[in-house]
Amino acid sequence: MGAKWSVIPLIEDHLATFRDQRTNEKRNRDYLVFYAVPMSFGIACYLAGFEMRDPASILAGIAVFTALLFGLLLHVFSLGLRIKDDPRQSTVGRTAQLVDQLQANVGYAVLVGIVTTALLIIAAATTGKDQPIGVLMSAVIAGSLLHLMLTVFMALKRTRAAYHELRF
């Protein structure tokens, strides 16, 4: 897709990080953890009849969290520029790779946060005050929230790995 609004490159960059650090082979387990687990969780919520309450409060929290992730994305971008300008680039190659992966993961997390925010806006707009969100929408939002959290955990792991590359 050549459209300016296409999110496909964000998704492709994120999926490209699903590789083993040592062998650079594709890790199928990552697909299971990041997609099958949240989907299974959502299905379990649906089958259990789970209904979220107070979508406006959840929306407020996720909207702020997504905005903070966007700020982090901009910071990681500037960090990547500083690493690229570093004359010791040959000695920080692994760090640059980790920062690139971190940028891909945080960018994708922002995307998931925006989608989750949109789902919550729809839920809040279509749910009466003091009424629970419908079971199907609750299940989709629950799966999306778990997917977002797992993606943020991946970004935390990459941040830690990059720090360990730079520590003295």
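Scroll up to find the structure this text is about.
This is a predicted model, so every value here is computed, not measured.

1. Some remarks on the overall build of the protein chain
Phase 1: Across its full length, the protein chain holds five helices and zero strands.
Phase 2: When the elements of the protein chain are put in sequence order from the N terminus, they spell out α-α-α-α-α.
Phase 3: In terms of overall dimensions, the protein chain has a C-alpha envelope of 60 × 40 × 30 Å along the principal axes.
Phase 4: Burial status across the protein chain gives 36% buried among its 168 residues.
Phase 5: Roughly 10500 Å² of accessible area belongs to the protein chain as shown, and the carbon and sulfur atoms make up 65% of that amount.

2. Some thoughts on the packing of helix α3 (residues 55-85) against helix α4 (residues 93-126)
Phase 1: Contact geometry for α3 and α4: axes closest at 8 Å, N-to-C directions at 160°. Our classification of the angle between α3 and α4 gives roughly antiparallel. Where α3 crosses over α4, the handedness of that crossing is left-handed.
Phase 2: Residue composition of the contact of α3 with α4, grouped by class: 24 nonpolar, eight polar and no charged.

3. Re a nonpolar patch on the surface
Phase 1: Together, Met39, Ile43, Tyr46, Leu47, Leu136 and Val140 make up an exposed nonpolar region whose accessible area comes to about 650 Å².
Phase 2: Within the residue set of the nonpolar patch, elements represented by two or more residues are α2 (28-48) and α5 (135-166).
Phase 3: If you tally residues by element for the nonpolar patch, the top one is α2, at four residues.
Phase 4: Along the chain, the position of Tyr46 falls in helix α2.

4. Quick notes on the environment of Gly128
Phase 1: Mapped onto the fold, Gly128 is located in the loop between α4 and α5.
Phase 2: Judged by relative accessible area, which is 39%, Gly128 ranks as partly exposed.
Phase 3: For the pair Gly128 and Gln97, spaced 31 residues apart in sequence, the C-alpha to C-alpha distance is 48 Å.

5. Observations regarding the packing of aromatic side chains
Phase 1: Taken as a whole, this structure holds three aromatic pairs when the rule is applied.
Phase 2: Centre to centre, the rings of Phe18 and Tyr35 are 6.3 Å apart; their planes meet at 50°, and the pair counts as tilted. Taken as a pair, Phe18 in the loop between α1 (8-15) and α2 and Tyr35 in helix α2 lie far apart in primary sequence, 17 residues in all.
Phase 3: Tyr35 gets classed as partly exposed once you look at its relative accessible area, which sits at 26%.
Phase 4: Members of the aromatic cluster, joined through ring pairs, are Phe18, Tyr31, Phe34 and Tyr35.

6. Digging into the side chain of Ser138
Phase 1: Here Ser138 shows up in helix α5.
Phase 2: Look at Ser138 and you get buried, because its relative accessible area is 0%.

Analysis parameters
- Residues numbered from 1 in each chain as written.
- Predicted model: local features only at pLDDT ≥ 70, side-chain atom pairs only at ≥ 80, totals over all residues.
- Heavy atoms only, no water.
- Helix = DSSP H or I, 4+ residues; strand = E, 2+ residues; numbered from the N terminus.
- Buried < 20%, exposed > 50% of the residue type's maximum accessible area, 1.4 Å probe, protein only.
- Areas by Shrake-Rupley, 256 points an atom, 1.4 Å probe, with all protein chains shown as cover.
- Axes fitted to C-alpha atoms, helices over the stretch in contact; angles between N-to-C directions.
- Parallel < 35°, antiparallel > 145°, perpendicular 65-115°, else oblique.
- Left-handed = near helix turned anticlockwise from the far one by under 90°.
- Nonpolar A, V, L, I, M, F, W, Y, C, P; charged D, E, K, R; others polar.
- Patch = residues over 30% accessible without salt bridge, like charges linked within 9 Å, V, L, I, M, F, W, Y side chains within 5 Å.
- Salt bridge = Lys/Arg side-chain N within 4 Å of Asp/Glu carboxyl O.
- Phe/Tyr/Trp six-rings, centres within 6.5 Å; stacked < 30°, edge-to-face > 60°.

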